[in-house]
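Residue strings, one per chain:
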Amino acid sequence: MAGPAHVLEAATPAFFAAIGGGRRERTGVPPGELMPELKAQGFLGLLDQVYRSGERHVGRDSRVVIGAADQAREAYFDFTCEARRDAAGNIVGVRMIGVETTQVKHARRQAAEQRALLEPIARQAPLPEVLEGMCPVIDEVCRRSWTFAGGGSGERR
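Throughout what follows, the structure given in this document is the object of discussion. Treat the numbers as computed from the prediction; the structure is a model and nothing was measured.

## Quick look at the layout of surface pockets
So, point 1. Approximately 700 Å³ is the volume attributed to the largest pocket.
So, point 2. Contributing to the lining of the largest pocket are 28 residues, with Met1, Phe15, Met96, Ile97 and Gly98 lying nearest its centre.
So, point 3. For the lining of the largest pocket, the elements supplying multiple residues, two or more each, are helix 1 (13-18), helix 4 (43-53), strand 1 (57-66), strand 2 (73-85) and strand 3 (91-100).
So, point 4. In terms of residue count, the dominant contributor to the lining of the largest pocket is strand 3 (seven residues).
So, point 5. In terms of residue class, the lining of the largest pocket is built from 22 nonpolar, two polar and four charged.
So, point 6. Size it by volume and the second largest pocket reaches roughly 210 Å³.
So, point 7. If you trace the second largest pocket, you find 13 residues lining it, with Ile19, Gly20, Arg24, Gly67 and Gln71 closest to the centre.
So, point 8. For the lining of the second largest pocket, the per-class residue count stands at five nonpolar, four polar and four charged.

## Observations concerning the pattern of salt bridges
So, point 1. Across all of its chains, the model carries twelve salt bridges by this definition.
So, point 2. As a salt-bridge pair, Glu82 and Arg56 come within 3.3 Å of each other at their nearest N and O atoms. A residue pair is termed long-range when its members are at least 10 positions apart, and Glu82 in strand 2 and Arg56 in the loop between helix 4 and strand 1 qualify at 26 residues.
So, point 3. Taking relative accessible area as the criterion, Glu82 reaches 21% and is therefore assigned partly exposed.
So, point 4. Taking the relative accessible area as the measure of exposure, Arg56 reaches 58% and is therefore exposed.
So, point 5. Among the charged side chains, a network of salt bridges with common partners joins Arg56, Glu82 and Arg95.

## Describing helix 4
So, point 1. Looking at helix 4, one finds that the buried residues are Phe43, Leu44, Leu46, Leu47, Val50 and Tyr51. Burial along helix 4 is one-sided: seen end-on, the buried residues are contained in an arc of 160°.
So, point 2. Where helix 4 is buried, its residues contact helix 2 (31-34), helix 3 (37-40), strand 1, strand 2 and strand 3.
So, point 3. Of the residues flanking the end of helix 4, it is Gly54, one or two places downstream, whose phi is positive at about 80°.

What counts and what doesn't
- Residues numbered from 1 in each chain as written.
- Predicted model: local features only at pLDDT ≥ 70, side-chain atom pairs only at ≥ 80, totals over all residues.
- Heavy atoms only, no water.
- 1 Å grid on protein atoms, 1.4 Å probe; cavity = no way out; pocket = protein on both sides within 12 Å on 5 of 7 lines; lining within 4 Å.
- Points joined across faces, edges and corners; volume = space filled by probe spheres on them.
- Helix = DSSP H or I, 4+ residues; strand = E, 2+ residues; numbered from the N terminus.
- Nonpolar A, V, L, I, M, F, W, Y, C, P; charged D, E, K, R; others polar.
- Salt bridge = Lys/Arg side-chain N within 4 Å of Asp/Glu carboxyl O.
- Buried < 20%, exposed > 50% of the residue type's maximum accessible area, 1.4 Å probe, protein only.
- Arc of directions from axis to C-beta.
- Contact = heavy atoms within 4.5 Å.

Have a look at this one:
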């Protein structure tokens, strides 16, 4: 992004897909024009801060609402913003590199919910019966791993 207005000079197809594609697939405009919803979420101010200070900003699992009204979707990103400098060291823009982590965030949330449901069940399960059922499965996994690792027919010595 160039200058204090952060005019978008270039972006990847993945970026345009993440922000909704269609009419948003254009360069030569500031991000606030492409995605007006970013202003209220503080992201345009963040670009201003990086541009003014020259200090890098790293965001992890940052929540962004993309789109407006009934077209809005919640997304999560890991990203880094850093100042772009010319040969003399003057700040001429901001570079942002990021990856959408929405699917990872949702998978972690779902795993935590499942764990919360399963832990009480596991705590109430009778240990001898659980171990008796697990032992044959563990033996089979070990046999297959041994065979896969080149240990022969599955018989360990």
